[in-house]
Amino acid sequence: MKARIKVRYVNNEKGSVFNILETHDRFITLDIDGHKTDFGNSEVEIIASTPSDLFKLGRELIWNFAVADQILMRQTEINQLVDRITWPVKKVVATKAVNHFIWDV
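Residues numbered from 1 in each chain as written. Predicted model: local features only at pLDDT ≥ 70, side-chain atom pairs only at ≥ 80, totals over all residues. Heavy atoms only, no water.

**Student:** Looking at this structure, I do not really get the packing of aromatic side chains. What am I missing?
**Tutor:** Centre-to-centre distance and the angle between the planes together describe a pair of aromatic rings. All chains considered together, the criterion is met by 3 aromatic pairs. Aromatic pair Y9 and F39: ring centres 5.4 Å apart, planes at 70 degrees, arrangement edge-to-face. Taken as a pair, Y9 in the loop between β1 (2–5) and β2 (17–23) and F39 in strand β4 (residues 35–40) lie far apart in primary sequence, 30 residues in all. Between F65 and W87, the aromatic rings sit 5.3 Å apart at their centres with planes inclined by 80 degrees, giving edge-to-face as the arrangement. Of the two residues, F65 sits in helix α1 (residues 51–65) while W87 sits in the loop between α2 (75–84) and α3 (91–103), which places them 22 residues apart along the sequence. (Phe/Tyr/Trp six-rings, centres within 6.5 Å; stacked < 30°, edge-to-face > 60°. Helix = DSSP H or I, 4+ residues; strand = E, 2+ residues; numbered from the N terminus.)

Following this line, the structure appears as structure tokens:
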């Protein structure tokens, strides 16, 4: 998965895209020039540009935000899951990623 930074960081301009190493509740660790760098959720936006990125993002969202024992979901449950997400990802992308993970497995 990748993330776009919303702030200028050292020599990297706002809008630069980097690989995500770890995702936590309030921060995301990015690989910037071989260094692990932590950003707050308000400083980055998770993006999914390929089908494999959508699949990975959907898996992570379900793993972290789904209610226990909720594997197969209808669209209303997917919408409820998307409303619970606290990561910096657009709702449209989150919905698409969860649907991609559930239905394209």
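**Student:** What is the right way to look at the environment of A94 in this model?
**Tutor:** Secondary-structure assignment places A94 in helix α3. When the C-alpha atoms of A94 and L30 are compared, they prove to be 19 Å apart, with 64 residues separating the residues in sequence. Once residues lying within four places of it in the same chain are set aside, the contact partners of A94 are L61, V82, I85 and V89. (Contact = heavy atoms within 4.5 Å.)

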